Number of protein chains: 2
Amino acid sequence: MRSTYRTRGEILSTVPSPLVNARALSNGHSVVFPEDRPLVTDGGGVIAPLTIGYETYGVLNAERSNAILLCHALTGDQYAAGAHPVTGKPGWWDVLVGPGLPFDTDRYFIICSNVVGGCMGSTGPACYNPATGRAYGLDFPVVTIRDMVRAQAMLIDHLGIDTLFCVAGGSMGGMQVLQWAASYPDRVFAAMPIASAPRHSSQNIAFHEVGRQAVMADPDWRGGRYLDEGVRPEKGLAVARMAAHITYLSEPALQRKFGRKLQDRSAPTFSFDADFQIESYLRHQGLAFVERFDANSYLFVTRACDYFDLAADYGGSLAAAFHGSKTRFCVISFTSDWLYPTSASRAIVHALNAGGASVSFVEIESDKGHDAFLLFEPDFFATTRGFLDAAAAARGLPPAGARE
Amino acid sequence: MRSTYRTRGEILSTVPSPLVNARALSNGHSVVFPEDRPLVTDGGGVIAPLTIGYETYGVLNAERSNAILLCHALTGDQYAAGAHPVTGKPGWWDVLVGPGLPFDTDRYFIICSNVVGGCMGSTGPACYNPATGRAYGLDFPVVTIRDMVRAQAMLIDHLGIDTLFCVAGGSMGGMQVLQWAASYPDRVFAAMPIASAPRHSSQNIAFHEVGRQAVMADPDWRGGRYLDEGVRPEKGLAVARMAAHITYLSEPALQRKFGRKLQDRSAPTFSFDADFQIESYLRHQGLAFVERFDANSYLFVTRACDYFDLAADYGGSLAAAFHGSKTRFCVISFTSDWLYPTSASRAIVHALNAGGASVSFVEIESDKGHDAFLLFEPDFFATTRGFLDAAAAARGLPPAGARE
């Protein structure tokens, strides 16, 4: 049995990864809920103690009325803005979060936490399981989007915040937004589910299953016990990421960006080398991913998405999930997103209308596919700013610049 | 070194596969071109001797004017109709090929051959390499669509046929149709490229690369030498097939057929079991595939598609590939095919028009995705029959029933 505890800076320095202490991974911000405050999951699992790693940006006002919770996507984490402490790259919403940006850190108190089941500071399958004295691995309970949101609510309670000014996120983050609005309608003033869906489609489940099978096909996965055995299923996880990555882009964007351009050569090699730029790009995406993500966490977060079907929790009626909601919604989709297409966002909008909720819906013209929600798209930028400004006025928050 | 020679019937009875004698795999129909008639590939490789496994249906008329060549898709083979001798399932175009069917075996002499690089009777990477005394493996030359067509032309010569009445095929088969029309315009009276494209797109290359990486990530791939070592990369190949299979279907068809339906259970298990029917279905597709297909062949046939860019061989002008062509074309696409979308077929049609060729174009309404070309779709059926009837009249073939 290994129980090496590591600090964040070390995680990438050695392969294979040892057992990770969740708290040590967080950039200094984490809360540990003790054994007597467990997270009881939808599947009947008990996670205790529960650690939630999180980041905050900006200052909470005296009225505690300016807090925004950002919910990250499948392989995202709490580092929404600024340089990511592990990868060194900009946070996943660095284009939107900061002083003077739509998620204006001069006006709002932005919170972003790593989902439970993740691998960047919140309790997940790579963490120490006190019940066994080794890493959880597949002993970690399968969590749902609702479990992720329950854990976030524990964090928000811990921070002393009653009502969130806004909950926002894209993709799996958007599912969390919808779950927040359904589970805690009085605690969400405004909500922005972006490039998301009220349930995971058959095709979405299919792509996730391919990824999981790729991980599990790797003999170094070892039935999920790779951390105990000092190995990592890197090849399988890289293949999973490559397949997923294609779904995040659009065919036109791939054609425009890569087309059939060759990589560092003037003619095909008639081999299985990465002749085409797209091949080289995908291989790079796979390799980069395994440096920052835990394979078992990938299984758990994809599974959480698969299980997401909000209407199923409300007798099959999505409208019932939002009945009488006072939350102001802004639903956003992107024209070339085929993973979470506009039709899925429209289903959300129809349900919100049927439930009597206040909703704006914007479909952004973009050829960048699903990943558009992570990129600077002027219309997306303007929509986000406009919605937040209007919601802030309704919330009685001072206008932008008033603090200066 | 192993050099076990096997008959066709044995191929599925034992895992791992031994070295396969291409000729033994064919259902009795094969031609071996001797050492002095090699296939010299686009990449400069030499395949000799070259075996081509093929099937025929119907009878060649005295004028030798009623021959139709069917070109199979990525993982298809020469068994277009009737029961497949290995899988026991109907041939891949059993719905279209037979007495009274559009590819009417009472009227036409239908030929279908396994592509070079394949694994069902034509020389491919699983075959004995006389230069080394073991299986080719990655010593097999990377072949192109044009190489496949060259090999088919050798077979057509061997059969004593000068001009084919029609060349037809879908997907990779459609690429071969286009290559036939470009390489041998005087030998193709009519051509039907279906659900195909004039070049492999960036997204198509991307999906193929994921499949190849899945195969190569399997430690049992052994650098392509698995046959020598008595193993097979079954898990990797199954993952490759699963990912590819999603691309053959449409999101609406998946939703209609599987949706979020659970498999043999009333509630999710909160595990990584195949809770959803779509998961069970995909796993089955992966497992069934590895029973009938060679992993290295999968690498080679995907690579052939990736390299396909017909215009590139004609100075970048697709129209130039068909300039002055006398061939009658019928281009067919399916509305829900996102792998080879209608836009790709339109590009073919525009080039044919620009090249002055005779072309009909039909986009078939179907929600079945790319695989629609393998299924009974009434409009597709009617279009095929109508085009062939008209072409047969123009060719001076007797009308249907005249032989009876």
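Residues numbered from 1 in each chain as written. Chains lettered and ligands numbered in written order. Predicted model: local features only at pLDDT ≥ 70, side-chain atom pairs only at ≥ 80, totals over all residues. Heavy atoms only, no water.

S.K.: Any chance you could explain the interface of chain B and chain A here in plain terms?
M.R.: By convention, interface size is frequently given as the accessible area that disappears when the constituent parts associate. Across the contact, 53 residues belong to chain B and 53 residues belong to chain A. Interface of chain B and chain A: buried area, both sides summed, is about 4,600 Å²; carbon and sulfur atoms make up 69% of it. Of all residues in chain B, the largest losses of buried area upon contact with chain A belong to Arg 260, Phe 270 and Phe 272 of chain B, amounting jointly to 19% of the total for that side. Viewed at the interface, chain A and chain B are joined by ten salt bridges. Our count for the chain B to chain A interface comes out at 31 residue pairs in polar contact (both at pLDDT 80 or more). Secondary structure elements with two or more residues in the side of chain B that touches chain A: helix H4 (202-217), helix H6 (234-248), helix H7 (251-257), helix H8 (277-290) and helix H9 (295-306) of chain B. Take the side of chain B that touches chain A: its biggest share by element is twelve residues, from H4 of chain B. (Contact = heavy atoms within 4.5 Å. Buried area = accessible area lost by both parts, 1.4 Å probe. Salt bridge = Lys/Arg side-chain N within 4 Å of Asp/Glu carboxyl O. Polar contact = N/O pair within 3.5 Å; in protein donor to acceptor, adjacent residues only side chain to side chain. Helix = DSSP H or I, 4+ residues; strand = E, 2+ residues; numbered from the N terminus.)

S.K.: Please explain the packing of aromatic side chains as it appears in this structure.
M.R.: Each aromatic ring pair is summarised here by two numbers: the centre-to-centre distance and the angle between the ring planes. Taken as a whole and judged by the stated rule, the model has 40 aromatic pairs over all chains. Aromatic pair Phe 165 of chain B and Phe 189 of chain B: ring centres 6.1 Å apart, planes at 25 degrees, arrangement stacked. Of this pair, Phe 165 of chain B sits in strand S11 (residues 164-170) while Phe 189 of chain B sits in strand S12 (residues 188-194), and the two are 24 residues apart along the sequence. In this structure an aromatic cluster arises from ring pairing among Trp 92, Trp 93, Phe 103, Phe 334 and Phe 380 of chain A. Note that Arg 241 of chain A overlies the ring of Phe 289 of chain A, its terminal NZ or CZ placed 4.4 Å from the centroid. Directly above the aromatic system of Phe 189 of chain B lies the positively charged group of Arg 395 of chain B, at a separation of 5.2 Å from the ring centroid. (Phe/Tyr/Trp six-rings, centres within 6.5 Å; stacked < 30°, edge-to-face > 60°. Lys NZ or Arg CZ within 6 Å of the ring centre and 35° of its normal.)

S.K.: Even after reading the chapter, I still don't get the UniProt feature "binding site: substrate" (unreviewed entry) in chain A, so can you show me in this structure?
M.R.: Residues and elements named next belong to chain A. As annotated in UniProt, the feature "binding site: substrate" (unreviewed entry) corresponds to Arg 241 and Asp 371 in the numbering used here. With the annotated positions falling across 131 residues, the maximum pairwise C-alpha distance of 14.0 Å places them together in a single cluster. Mapping Arg 241 onto the fold places it in helix H5 (residues 234-248). Exposure remark for Arg 241: the relative accessible area of 9% places this residue in the buried category. Excluding residues within four positions of it along the chain, Arg 241 makes contact with Thr 75, Tyr 248, Gln 285, Gly 286, Phe 289 and Arg 292. Here Asp 371 shows up in the loop between strand S14 (358-364) and helix H11 (378-395). When its relative accessible area of 16% is taken as the criterion, Asp 371 is described as buried. Asp 371 has contacts with His 245, Tyr 248 and Leu 249, leaving out every residue within four places of it along the chain. (UniProt positions renumbered as here; feature names shortened; annotations may be inferred. Buried < 20%, exposed > 50% of the residue type's maximum accessible area, 1.4 Å probe, protein only.)

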